[in-house]
Amino acid sequence: MSFKLKTILLFLAVSLIPYALTMFLVGNSFRQELYDAVTQEMNTQLHLSVERIDQHLLTLHNDMAFLAKSDIMNDVYTKDLDRRISNALLSKKNDLKMVGDFYLTDPHGMIIASSDFNTIGKTNRFKSFLSVNVYSTFSTQPIGILHVRYPVENFKRFFSNTQQRHYYIQHADGTTSLRPSLFQDSLKVSKTLKNAPDLTVVLEEKKEFAYRLLYKYELWFILFLLGGAVFIALAAYFIATHLIKPIMTLSNTAKKITRTRDYTQQVHIKRDDEIGELSRSFNTMISGMDHALNEITDLNQEIEETQREVVFTMGSIGESRSKETGNHVKRVAEYSKLLALYYGLDEEEAEMLKQASPMHDIGKVAIPDAVLNKPGRFDEEERRIMDTHALLGYEMLKHSRRTLLQAAAIVAYEHHEKYDGSGYPRKLSGEAIHIYGRITALADVFDALGSDRVYKRAWDDEKIFTLFKEERGKHFDPQLIDIFFEHLEEFLTIRETFKDTHEAQE
Amino acid sequence: MKKLLIFYFLYGSLFGAEYSIIISKKITLSEITSQQIRDLFLMKRHAIGNQKIIPLNLLGQDPSRITFENEILKMDRDRLNTYWVKQHFQGLTPPITQPSHESIKAFVQNVEGAIGYIPSSMVDSSVKVIYEF
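Keep in mind that this is a model prediction, so the values were computed, not measured. (Residues numbered from 1 in each chain as written. Chains lettered and ligands numbered in written order. Predicted model: local features only at pLDDT ≥ 70, side-chain atom pairs only at ≥ 80, totals over all residues. Heavy atoms only, no water.)

Residue and element names in this part refer to chain A. In terms of nonpolar packing, the biggest core is built from 86 residues, with L60 and F155 touching the most fellow members. With 11 residues, helix 1 (residues 3-69) is the single largest residue contributor to this core. With residues up to four places along the chain from it excluded, the contact list for L60 reads L96, M98, F102, F129, L130, V148 and Y150. Listed in part, the 41 residues of the second largest apolar core include L404, L467, I483 and F491. (Core = buried A, V, L, I, M, F, W, Y, C linked by side-chain atoms within 4.5 Å. Buried < 20%, exposed > 50% of the residue type's maximum accessible area, 1.4 Å probe, protein only. Helix = DSSP H or I, 4+ residues; strand = E, 2+ residues; numbered from the N terminus. Contact = heavy atoms within 4.5 Å.)

Shown next as structure tokens:
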């Protein structure tokens, strides 16, 4: 997991969790507030309704008490012979516009008078809603009991029911009456009637209606929540990106430096904080590395310089022994490099050959001066001694492990081999002769023929070219001869550049 | 006094007494004077001896009530009204009423000490006559 992703996640966690929590609490409190408001309103309604019912029940009770005290109650003694009580009860029932009936029973439960005339003379079977004792004007004992059968239907007119909200009655045993319908989910408030304690009035409202505002805004609320979350995520992304930017710059610069090996590059972060400190340290480190690297490069160059000079000097020694001019070595070096490049060797190898080729005659230091500087032709013995210089040079150089000296050894060993196998010391032929040897052979012969020697005068160019054409595939590698003639101008230019200046004096 | 009583009995039997004052048979009281009846119905007394008496009037303008008021109370309706208006301020109310002779008879049967007037023809063994007029 990347640092950036971690940072983003951290930001999200740090900001999103409190955000979600807050929104959740806000939503919940909105719901709670709504619940409080709705239930409070319902409670108010319920209280009003219950108050009215209680008032009505009180009136009923008072009416019954008044009836119970009226003079006509003396008709209990005549068993309501003239129906005066019954008529009074009936008219009271009509006054109250009630469902149900009043009954006057004697203490044994026999109905003496009733607003329902059919029941007179029978035993009371009904459970009374309210009952009041009846006393006569001249008796201390109750002479009867006034009952009322008051079905809950009477409460119906106090209930203003709608589709969303209705009242119903709950009895003490848990059963309900007057319930118009059952709601799936509802809010309920209830209140017990003061004047009928075993009856509880319940006001019920459909939840979806009570919370209609909540449901209406629910979608918007969720969208708002999601929008907030997306905003926080975006903010987290941008902040993390911004935070990570200098580090990414640092990392990219480090990568670039590694790729280009240009240790002079610097990170450009101008900050006063820890990141700035880090980039300054980084820059210091890089410039330190650059400095150290430069030292190493310089040292390396010094070594290479020295090596080159040593090799060149060694080559010069060989030449000076045979009284050949120092420029011969230089020209052979340049010819060799040119041939090597056109032959297809790379720049590095060509350069190495250029540096190694001057040593091709190093073996001559071991040849006696008498032989070496003898004017005129060698006899058999002298020739044999002279020819050992190739092997001698090889022997001198072969012990080094340096590639330059290794190349020099090959050059010294093989620069007198001929392409057709008639050379010395090993009579190698064709491709068996190392390319260094083949190149140096051509370069050496070309320069030697064009220069004055103790034993001969310089050949003119036409003669040299004729010889070269003849020796193509015999002495020399035909490919190299082709290269030579193809780029002849360049070889002649080199000869002109490194012309022997003291030649005239000799 | 005795003569007078006999006169009344005779009068009653001779001319066939129209109405009888009745009382519950459980009551030991056997006779009563018209003065006592008058006092009871005008709420001037509430008992005879130890016996509490509850007078009953008939509701309305029945001939029996008019006769009773004329014969026993000796007051016409105007005077009676004036009387009760006066008594009202002293906290006395007229006797309780029953709407019919039958209910008076039933009430007397059921309430000890209640007295009321019914036509003599309605008298039977369920009640006791203590006065006739």
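Let us now look at the packing of helix 12 (residues 435-449) of chain A against helix 14 (residues 478-486) of chain A. Residues and elements named next belong to chain A. Running from N to C, helix 12 and helix 14 point in directions that differ by 50°, and their axes come no closer than 10 Å. Classed by the angle they form, the pair helix 12 and helix 14 counts as oblique. The handedness of the crossing between helix 12 and helix 14 is right-handed. On helix 14, the residues touching R438, I439, L442 and F446 of helix 12 are L480, I481 and F484. (Axes fitted to C-alpha atoms, helices over the stretch in contact; angles between N-to-C directions. Parallel < 35°, antiparallel > 145°, perpendicular 65-115°, else oblique. Left-handed = near helix turned anticlockwise from the far one by under 90°.)

Our focus in this paragraph is the environment of A:A172. Residues and elements named next belong to chain A. Here A172 lies in the loop between strand 5 (165-171) and strand 6 (176-177). Overall, A172 belongs to the exposed group, its relative accessible area being 66%. As for A172 and P197, which are separated by 25 residues in sequence, their C-alpha atoms are 8.4 Å apart.

All names here are of chain A. Taken together, 4 strands build an open sheet; the order of strands is 6-5-8-7 and the sheet is antiparallel. Looking at which strands have only one partner, the edges of the open sheet turn out to be strand 6 and strand 7 (186-193). Inspection of the sheet shows strand 5 paired to strand 8 (residues 196-206) by 7 bridges, in the antiparallel sense. Following the sheet pairing, R165 is matched in strand 8 by E205. Running at roughly 30° to strand 7, helix 1 makes contact with strand 5, strand 7 and strand 8 of the sheet. (Pairing = 2+ DSSP bridges.)

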